[in-house]
Amino acid sequence: MNLLRATFLHLNDISYQFIVRRLIFLRTPQDAHEDVMRLLKCFDYPAMSAGLGLLHRAVFEAHLTEVGGVSLPNPFILAAGLVKGEG
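The structure displayed is predicted, hence computed values, not measured ones. (Residues numbered from 1 in each chain as written. Predicted model: local features only at pLDDT ≥ 70, side-chain atom pairs only at ≥ 80, totals over all residues. Heavy atoms only, no water.)

Enquirer: So what's going on with the confidence of the model for the chain? Which residues, and what values?
Expert: Per-chain confidence: the chain averages 79 in pLDDT, with 86% of residues scoring 70 or above. No element of the chain has a lower mean pLDDT than helix α1 (residues 3–24), which averages 82, and none a higher one than helix α2 (residues 29–42), which averages 85. (pLDDT = per-residue confidence, 0-100. Helix = DSSP H or I, 4+ residues; strand = E, 2+ residues; numbered from the N terminus.)

Enquirer: Any chance you could break down α1 for me, citing the residues and the numbers?
Expert: With 22 residues, α1 extends 29 Å between its outermost C-alpha atoms, agreeing within 8% with the 32 Å of an ideal straight helix rising 1.5 Å per residue. Taking the largest bend as the criterion, α1 deviates by roughly 45°, centred on Tyr16. (Expected span 1.5 Å × (residues − 1). Bend = angle between axes of the 7 residues up to and from the residue.)

Enquirer: Residue-level account of the packing of α1 against helix α3 (residues 46–59), with values.
Expert: At a minimum axis distance of 8 Å, the contact between α1 and α3 shows a crossing angle of 115°. Between α1 and α3, the crossing angle belongs to the class labelled roughly perpendicular. Mapping the contact onto sequence places Leu4, Arg5 and Phe8 in α1 and Leu55, Ala58 and Val59 in α3. In terms of residue class, the contact of α1 with α3 is built from five nonpolar, no polar and one charged. (Axes fitted to C-alpha atoms, helices over the stretch in contact; angles between N-to-C directions. Parallel < 35°, antiparallel > 145°, perpendicular 65-115°, else oblique. Contact = heavy atoms within 4.5 Å. Nonpolar A, V, L, I, M, F, W, Y, C, P; charged D, E, K, R; others polar.)

Enquirer: Let's hear about the side chain of Thr65: which residues, and what values?
Expert: By secondary structure assignment, the location of Thr65 is in strand β1 (residues 65–67). Here His63 takes part through its backbone oxygen, which lies 3.1 Å from a polar atom of the side chain of Thr65. Filtering out sequence-adjacent residues up to four positions away, Thr65 remains in contact with Val70, Ser71, Leu72, Asn74 and Pro75. (Polar contact = N/O pair within 3.5 Å; in protein donor to acceptor, adjacent residues only side chain to side chain.)

Structure representation (structure tokens):
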């Protein structure tokens, strides 16, 4: 594992465990859901998506996975149910 990947994953784990998770669980499930949806909308811009894509490619290696006859670049997928009520 390269140094950039290892550093990113370590910082991500620390920030999730000690900051994000604690902030999310201070709220009711519905309020936490609405907060996360608002946050995700902040990232829904072409420049932001392009920047996050570059970061993702720098940190994660492609891991082709076939599911239901469809080839996916990675075995992890954001579930479509996340956008409940938004589309």
